[in-house]
Amino acid sequence: VFTFSPKLKWDVTPNDFVQLDVFASTRSPTAQGYTSGYVYSDIGYRHRFGQRLSLVAQWLDPTNGLRFTTVTDTSTLKQRTSSHYLGSFLSLGLTYDLGGTAKPAPKEIDFGGGGPGH
């Protein structure tokens, strides 16, 4: 099994940050068959309004391309299940850092773990 997850990060301005994540995995064996490979991407954007307040936008699977197949192949059971996550998801959020001193912006956007179903 080979997984590949490159990230492209870009500080557009001191207050604007863009990130592109690509997730790819080759076919992986299971106890009674295999799961096909998959490729999909996520895009994130963060704008800092000051030291504490930020707007974060995340677009999960913008190409609506997350598809994979699970195959079970035994002497008594042959099954093929195709999965396609319908739709991409856009989330917008405001974050406000609490505490005594302002922290620098994180160096990346967390999309929630990756892999099928995020």
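Above this text you will find the structure in question.
All values reported here derive from a predicted model rather than from experimental measurement.

## Topic: the pattern of salt bridges
Counted by the stated rule, this structure contains two salt bridges. D21 is the salt-bridge partner of K7, the closest N and O atoms lying 3.9 Å from each other. Separated by 14 residues along the polypeptide, K7 in strand β2 (residues 7–13) and D21 in strand β3 (residues 16–25) bring together distant segments of the chain. Looking at K7, the relative accessible area reads 38%, which means it is partly exposed. Between D73 and K78 there is a salt bridge; the shortest N-O distance is 2.6 Å. The exposure class assigned to D73 is partly exposed, which follows from its relative accessible area of 47%.

## As for the packing of aromatic side chains
Inspection of every chain in the model, using the stated rule, returns four aromatic pairs. Members of the aromatic cluster, connected to one another through ring pairs, are F23, Y38, Y40 and F68. Its end group placed over the ring of Y34, R27 keeps NZ or CZ at 3.7 Å from the ring centre.

Cut-offs applied
- Residues numbered from 1 in each chain as written.
- Predicted model: local features only at pLDDT ≥ 70, side-chain atom pairs only at ≥ 80, totals over all residues.
- Heavy atoms only, no water.
- Salt bridge = Lys/Arg side-chain N within 4 Å of Asp/Glu carboxyl O.
- Helix = DSSP H or I, 4+ residues; strand = E, 2+ residues; numbered from the N terminus.
- Buried < 20%, exposed > 50% of the residue type's maximum accessible area, 1.4 Å probe, protein only.
- Phe/Tyr/Trp six-rings, centres within 6.5 Å; stacked < 30°, edge-to-face > 60°.
- Lys NZ or Arg CZ within 6 Å of the ring centre and 35° of its normal.

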